[in-house]
Amino acid sequence: MLKKLSAIALLGVACIATPALAETEMVIVSWGGAYSASQQNAYHDPYMAANPDVKIVNDESSAEAVAKLRAMNEAGNVTWDLVDVVASDAIRLCDEGLALEIDFDKDLAAAPDGTPATEDFGELIVSDCFIPQIVYSTTFGYRTDMVSEAPTSVCDVFDLEKFPGKRSLEKRVINNVEWALICDGVDPAEVYNVLDTEEGVARAFAKLDTIKDEVVWWSAGAETPQRLADGEVVMGSTYNGRLFALIEEQKQPVGMLWDWQIFDLDGWVIPAGLPEERVAKIKDYLNFATDTQRLADQAKYISYGPARKSSAPLVGKHSTLGIEMAPHMPTDPNNAKTTLLYNYEWWADNRDDLDAKFQAWLAN
Amino acid sequence: MKRKLAKALFRQKMRALMLIAPLLIFVLVTFIAPIGSMLSRSVDNSIVVEILPRTVEALQDWDSAAEELPGEAVFAAIAVDLKEAAEAKLHTRVGSRLNYEQPGIASLFRKSARKVRKLESGPYKEALIEINEDWADPEVWATLKTFSGSYTDGYFLASADLKRDAEGDIAQKPSDERIYITLFWRTMVMSLTITLMTLLLGYPIAYLLATLPMRTSNLLLILVLLPFWTSLLVRTSAWIVLLQQQGVVNDFLVFSGLNSALYNMISIFTVPNVSSLCSTDISQILNAGPRFLDVMAARGPDAALSTCARDILGVYQSGGAEAAMARTGELQAAGETWGYGDERFAMIFNQTGTIVAMTHILLPFMIMPLYSVMQTVPQSFVRAAKSLGASNWTAFWRVYFPNTVPGIGAGAILVFILSIGYYITPALVGGTSGVFISNRIAFHISSSLNWGLAAALGVLLLVVVLLLYWAYDKIVGIDNVKLG
Amino acid sequence: MAALPPYATTGERIWRFTFNVICVAIFFFLVFPILVVIPLSFNAVPFFTFTKEMLAFDPAGYSLQWYEDFLTNSDWTRAVRNSLFIAPMATILSTALGTLAAIGLSQSHVPFKGMIMAILISPMIVPLIISAAGMYFFYSDMGIQGTYLGVILAHAVLGTPFVIITVTATLVGFDKSLTRAAANLGAGPVETFRRVQMPLILPGVISGALFAFITSFDEVVVVLFVGAQQQKTLPWQMFTGLREQISPTILAAATILVLFSILLLTTVELLRRRSERIRGLSPG
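Note that the structure is a prediction, hence the values are computed from the model and not measured.

What counts, and where the lines are drawn
- Residues numbered from 1 in each chain as written.
- Chains lettered and ligands numbered in written order.
- Predicted model: local features only at pLDDT ≥ 70, side-chain atom pairs only at ≥ 80, totals over all residues.
- Heavy atoms only, no water.
- Helix = DSSP H or I, 4+ residues; strand = E, 2+ residues; numbered from the N terminus.
- Contact = heavy atoms within 4.5 Å.
- Phe/Tyr/Trp six-rings, centres within 6.5 Å; stacked < 30°, edge-to-face > 60°.
- Buried < 20%, exposed > 50% of the residue type's maximum accessible area, 1.4 Å probe, protein only.
- Lys NZ or Arg CZ within 6 Å of the ring centre and 35° of its normal.
- Lys, Arg positive; Asp, Glu negative; His and termini not counted.
- Salt bridge = Lys/Arg side-chain N within 4 Å of Asp/Glu carboxyl O.
- Buried area = accessible area lost by both parts, 1.4 Å probe.
- Nonpolar A, V, L, I, M, F, W, Y, C, P; charged D, E, K, R; others polar.
- Disulfide = S-S within 2.5 Å.
- Core = buried A, V, L, I, M, F, W, Y, C linked by side-chain atoms within 4.5 Å.
- Axes fitted to C-alpha atoms, helices over the stretch in contact; angles between N-to-C directions.
- Parallel < 35°, antiparallel > 145°, perpendicular 65-115°, else oblique.
- Left-handed = near helix turned anticlockwise from the far one by under 90°.

Things to note about the side chain of His155 of chain C
Part 1: One can find His155 of chain C in helix α7 (residues 148-172).
Part 2: Apart from the residues within four sequence positions on either side, His155 of chain C is in contact with Ile86, Ala90, Ser216, Glu219 and Val223 of chain C.

Rendered as C-alpha cells:
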C-alpha cells in the first residue's frame, strides 16, 4: 500500500511541478509590498487590460535576483521574463552577461514631444542593460517629539551631544562611509578619492566609531520606520518612500531630513538567454511600461521620482491621500539641494574588500 | 549444507539491501550529491584557466619573485584571451573571481576588455599599459599566476583570515579584515554557553521527572514536549514579544519599578552606557569606587551625558564623595529630562537574545537524553550510599551523578551539534553581535555571491559537526537515538 | 520523587522546597513564552504588548482582527495552502521510503550497515544552511529549483532520518519468531509484512510520519533557498513577517500553530503508549 501511495504521490508531484506555462504568461520579478502594488496599478493592470491575452505573474524575488539569475544561467534554465533590480545589481548582471543589452531609442518609447529615450533618461542610463524606472534615495527620518530642535544636516546623526539616543543605520558599508567622511570634513566631491586610500577608509570607520555604541543596524527597509514608530530610535536611515508612508499615511510624529540624501536607481533588466519571441513580447511590455505617462502614474502610488525628465511635470496627486506628490519626490529641487549619486563603478571594485572590513569592524 | 547456508545468508543480505536501496538512492541523489557538488566549489578555480587559457600558459615561464613585468608574449596572450572573453561576456566573471584576491582586478578587466577589442596588432605591452596603468603593476600578474591553477586553496585561506601575498606565501590578512576566526570562535563559545545553559536547566528537570511516580512524570513530560512540538518560528517570535524594548518583560520591569534596582545591580559589575549614568542612583556608583567613574569618563564624548559623568568625577576629585552626592538630585533630574528615567534593557537583537532564545529552543533536546539515562539509574543506589553513612550531597555527587554522565554526554553533544549550525534564530534575534557562521554563509550565497568562500566556510563547519557526530556515535550509538 | 520521610531534617525540607521552586521556575521558562503569544494575538492595537485595557479585561482591548487578517490576507492564505500541500506530500514520500529502509536495516545481516546508517541519518546532522546551499545549486542545475517538486523532495529527504529512527525503535522490540511463524503457516513475504509486521510497527510508522510532517511544516532554511515566492510556506511567511513588518497577525498564526502542535503532541503520546502496551514494554 505504501508503494502505491508513494507512486501516486510522485505522480501528483510531477504533475504540479511542471505546470504547462501558457504562452502568454509573463513572469515579472519585483520587490513585493507597496512597491509591487504601485507597479501593478501603474503598469501591469493597464497593460493586461490592453492585451487580454497576456497574464502577468508576480514574483517577489528581487532581493536575491543576482544570485538566482546566476544560478539559473549556470543551469541554462531561465524562468523569469523581466526583473526589477537596483542599478548596481543591473551593472553586475550586465557585466556578467546575465542581462540583455537594450537599444534604448529603438526599444523604448520617445517622450510625447518626440525627444528620444536616450535623451529623456539622460545621465540615468548607467548600464546598457538597465532601463531606469525610478529615482529613490536613502535618507534620514527623525522623531519630531524626541529632539530638542529639528536636525538640519546629516552630520547631526553623528552629533550625540545635541541629539542623544539610538539611531538606526543600514547594516552595510555603502552609504555609511560616505556620510561619515562628509561629516568628517571631506569635500563631498572627493569622497571616493579619499576612500581609495587606506587612511581614508580608516578615517571613515573612525568617524563611525564615535556613534557605534548608539547604532541599531537594519537590513530590511521596514525596520527603521518600525523603530521610529516605536520610539526605539531617535533617527534612522531608510528609503524615502518608506518615510513618506510613515509620515503621510500613518501620521507618525516623524520628520524628513533630506540633507545629503544618497540617490539610487531602480529599473528593469531582461535576463539573457531567452528565446527571441519571448524577448519580443517583453519588449512590447517594456515599451508601454516605461513611457512618460506610465512612469508619472507610478508616483501616484509611491513617492519615488520617475526616471524620465518628461514625466516630472505629469506627476499628480496621491491616489488615496489626494496630496500633491511633487514636493515629496527626492528629485524635487527643494529636497535635492545636497545629494550624492553613489559611485557604482568604485563600489563594484571595492565592495567585497570594504564589506569584509565593515563586518570585521562590526564584530569587534 | 555450508553452501546452502551461505546462499541463504546472501539472499538475506540482498533482501535487506533491496529494502534499503530506494531510500539510499533517494538520499544520495537529493542530498549527498548536492552537498558534495556544493562543497567542491570550495577548491574549484577552473574559471581562470578556462577563460584565460593562453595567458595561464604564457605565465608559466614568468617568475613572480623577480618583481619584473612579464614579457610581450604574456601581454599578447592576455589581449587575445580578453578579446575572446569579452565577446562571450565572460571577462567580468574571471575579474570578480580574482577581485576576491586583489581588489581592483574586476574593474581592470571590465575597463580593459572593451578597449582591447579595438586592438588589432602588437606590441601589446605598451598598448595595454596605455589602456590601464594597472597592467604595469607586477602584483596583478603575481595574483594571476598564483591563482591560475584549476584548484585553489584561496577560499580556505580566506575562511581562516589568511591570504597569499605577492610572493605566494601564506600570510595573515590585515587586522581590520579578520573576521572568520572571530566568527567561528564566537559560534563555538555561544554554542558552548547554550549547551551549558541547557544542561544547567535540564538536569534538575530530568532528575525530577525520573524520580517522580510514572503518572505524574508523564504529565510533566508534556510540558517539556510542548515546546519541542511547537514551531521554531513561533518560539522565536515569542521571545521577540517578551524581550524587545517595548516587550512584555521590559514593560513588567518598568511597571513594577524593578528596572532601576536591576540596572544598578548590573552597573556594579559592568561598565554601563554612559548616557544612562545620570539616571541611576549616583551614591551607589560612588560607592563602587572612583576607578569606576574613571572608566566611565574615559570613554570619551561618545554619549550625550558623558559630560555628566565627567562632571561628577570633577566634583568628586575636588570636593570628595559628599560634594558629588550633593549633586545627585540635580543630575538625576537632568537624566530624567532626557527620558532616561524608565531605563529599558536591550535583551534581544544581541548575544543575550540569541542565547536565551536558543536555550529555550534546545532545552528539550537536553532533557530527553538525560531523562532516559536517569530512568535506568536505580534509586536503591542512592539509598544504599546513604545507609552506608554518606551525606545527601555525597550520595548524589559520588553515586548518582557519575551514573548520569552518559546522558550528559549525549545531551551535550546533541545540543552542541544542533546549535552550531543554527541560522534562523540568530538571524532574527541576533542583531550584529549574536550571529553565527551560518549567517555569514547565507550572506555569501545570496548577497556577495562569493560561492567559493561560502563553500569553504561550509566545509569547515561540516568537519566540526561530523567530528562531533562521530563522537556521539561512539558514546551513544546512533541506533539508540530516541525521539519524543 | 517520593514524599519526604517523616524523619527528614529541616535542612532536607528546605532543600526540597528550594529544588521544587527551581523546577517550577524552569517549567515556567519552558512553557510561558509559548502561552504568552495567545492573549496577545487578541490585541486590539498593532503592538506586541499588553495594553491597559487588556489587563483590565475590558472587551474593547481585545479584537479578532488579526485572525481576520490571517484568514483573508492572500499572503497568509497562500502560505497556509502551500504548507498544507508540501508537508503531506513530503511526509508520504519520506514515510514510504523510510519505513522500507528501516525494515531492511533491522534484518540481522546487513552489509556496510554503519556506513549506510551514517548516510541515511546525515540529513538530520548536516547543518541546514549547508544542505540548503547544496540543494540550491544542484536543484538549479536540475531545473527544479523554485518548483513544488524541488521543495517536496528537499523536505522529504530531511524527514527520512526521523522515520528511520522511530520505526527502528519499534522494530527493536519486534519478535522475529512472529514472521517465521507466519511463513511457516504459508504466508508469503508480502502477506507477512501486511498482516503481521505492519500492524505491530504501525504506531512507529505513524509517529515517524508525524515527525516528518513537522520537519517539513516547520522548515524554513531550505525552502528559503530551494523555493521561489510561489512556494512560500507558513514558516517562510512568518520569517519575512518578523524581519519586515511586525504585525500581530504573526501572533494569530503562532496561536493557531500552538494549538496544532498540542494536537500533534497528544497524537504522538497516545501512539507511544499504545505501542508500548502492544509490545508489552510498559504496564500501560
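Some details on the packing of aromatic side chains
Part 1: Applying the stated rule across the entire model yields 48 aromatic pairs over all chains.
Part 2: When the centroid spacing of 6.4 Å and the interplanar angle of 70° are considered together, the rings of Phe104 of chain A and Phe121 of chain A count as edge-to-face. Placement of Phe104 of chain A in helix α5 (residues 104-107) and of Phe121 of chain A in helix α6 (residues 117-121) is noted, with a sequence separation of 17 residues between them. Here Phe104 of chain A and Phe121 of chain A have matching classes, each one buried.
Part 3: Judged by centre distance (5.9 Å) and plane angle (40°), the rings of Trp393 of chain B and Phe396 of chain B are tilted. Of this pair, Trp393 of chain B and Phe396 of chain B both sit in helix α21 (residues 392-420), separated by 3 residues, roughly a single helical turn.
Part 4: In this structure an aromatic cluster arises from ring pairing among Tyr203, Tyr207, Trp393, Phe396, Trp397, Tyr400 and Phe401 of chain B together with Trp15 and Phe19 of chain C.
Part 5: Between the NZ or CZ atom of Arg70 of chain A and the centre of the ring of Trp451 of chain B, over which it lies, the distance is 4.9 Å.
Part 6: Taking NZ or CZ as reference, Lys212 of chain A lies 4.6 Å from the ring centre of Trp361 of chain A, over its face.

Comments concerning the side chain of Arg235 of chain B
Part 1: Relative to the helices and strands, Arg235 of chain B resides in helix α12 (residues 232-243).
Part 2: Salt bridges are absent for the buried Arg235 of chain B, whose nearest opposite-charge side chain, Asp218 of chain C, sits at 5.2 Å.
Part 3: Beyond its immediate chain neighbours, meaning those up to four positions away, Arg235 of chain B contacts Pro227, Phe228, Thr230, His360 and Ile361 of chain B together with Ile34 of chain C.

Structural notes on the environment of Lys281 of chain A
All names here are of chain A.
Part 1: Among the secondary structure elements, Lys281 is positioned in helix α12 (residues 276-289).
Part 2: For Lys281, a relative accessible area of 39% puts it in the partly exposed group.
Part 3: Lys281 sits 255 residues away from Met26 along the chain, and the two C-alpha atoms are 8.8 Å apart.

Regarding the interface of chain C and chain B
Part 1: Taken together, the contact between chain C and chain B spans 89 residues of the former and 86 residues of the latter.
Part 2: Summed over both sides, the interface of chain C with chain B buries roughly 8100 Å², with 83% coming from carbon and sulfur.
Part 3: Linking chain C with chain B are 0 salt bridges, by the criterion used here.
Part 4: Among the elements that make up the side of chain C that touches chain B, the one with the highest residue count is helix α1 (residues 10-40) of chain C (15 residues).
Part 5: Here the residues of the side of chain C that touches chain B are counted per class, giving 70 nonpolar, 13 polar and 6 charged.

Thoughts on the state of the cysteines
Residue and element names in this part refer to chain A.
Part 1: Using the criterion set out here, one finds 2 disulfides over all chains in the structure.
Part 2: The disulfide bridge from Cys94 ends at Cys129, spanning 1.9 Å between sulfur atoms. Disulfide Cys94-Cys129: the torsion about the S-S bond is 60°, which places it as right-handed. Of this pair, Cys94 sits in helix α4 (residues 87-95) while Cys129 sits in the loop between α6 and β4 (131-143), and the two are 35 residues apart along the sequence.
Part 3: Each disulfide pairs two cysteine sulfurs, and for Cys155 the partner residue is Cys183, the sulfurs being separated by 2.3 Å. As the torsion about the S-S bond is roughly -95°, the Cys155-Cys183 disulfide counts as left-handed. In this pair, Cys155 sits in the loop between β4 and β5 (167-170) while Cys183 sits in helix α7 (residues 176-183), placing the two residues 28 residues apart along the sequence.
Part 4: If one numbers only the bonded cysteines of chain A, in the order they occur, the disulfide pattern is 1-2, 3-4.

Description of the nonpolar core
As a rule of thumb, nonpolar side chains are buried together in soluble globular proteins.
Part 1: By size, the foremost hydrophobic cluster in this structure holds 268 residues, and its most contacted members are Tyr285 of chain A, Trp229 and Ile424 of chain B together with Leu120 of chain C.
Part 2: Broken down by element, this core gets its largest block of residues, 13 residues, from helix α24 (residues 451-475) of chain B.
Part 3: Filtering out sequence-adjacent residues up to four positions away, Trp229 of chain B remains in contact with Leu210, Phe211, Ile214, Ser261, Leu264, Leu265 and Val268 of chain C.
Part 4: With 30 residues, the next largest nonpolar core counts Phe75, Ile78, Leu119 and Trp141 of chain B among its residues.

A short note on the packing of helix α10 (residues 180-211) of chain B against helix α11 (residues 214-229) of chain B
Residues and elements named next belong to chain B.
Part 1: At a minimum axis distance of 9 Å, the contact between α10 and α11 shows a crossing angle of 155°. Relative to α11, α10 is oriented roughly antiparallel. Seen from above, α10 lies across α11 with left-handed handedness. Taking contact as the criterion, the partners of Ile205, Leu208 and Leu209 in α10 are, on α11, Ser217, Leu220, Leu221 and Val224.
Part 2: Split into classes, the residues belonging to the contact of α10 with α11 amount to 6 nonpolar, 1 polar and no charged.

Thoughts on helix α5 (residues 91-99) of chain B
Part 1: In terms of burial, α5 of chain B is largely enclosed, as 8 of its 9 residues are buried.
Part 2: Turning to α5 of chain B, its buried residues number three or more, namely His91, Thr92, Val94, Gly95, Ser96, Arg97, Leu98 and Asn99 of chain B.

Let's talk about the pattern of salt bridges
Part 1: Applying the stated criterion to the full structure yields 24 salt bridges over all chains.
Part 2: Across the pair Lys89 of chain B and Glu101 of chain A runs a salt bridge, and its minimum N-O distance is 3.2 Å. Remark: Glu101 of chain A occurs in the loop between α4 and α5 and Lys89 of chain B occurs in the loop between α4 (72-87) and α5; the pair is interchain, linking two chains.
Part 3: Judged by its relative accessible area of 45%, Glu101 of chain A falls in the partly exposed class.

Concerning helix α13 (residues 248-256) of chain B
Part 1: Looking only at α13 of chain B, the buried set comprises Val248, Asn250 and Leu253 of chain B.
Part 2: Residue Gly257 of chain B follows α13 of chain B closely and has a positive phi angle near 75°.

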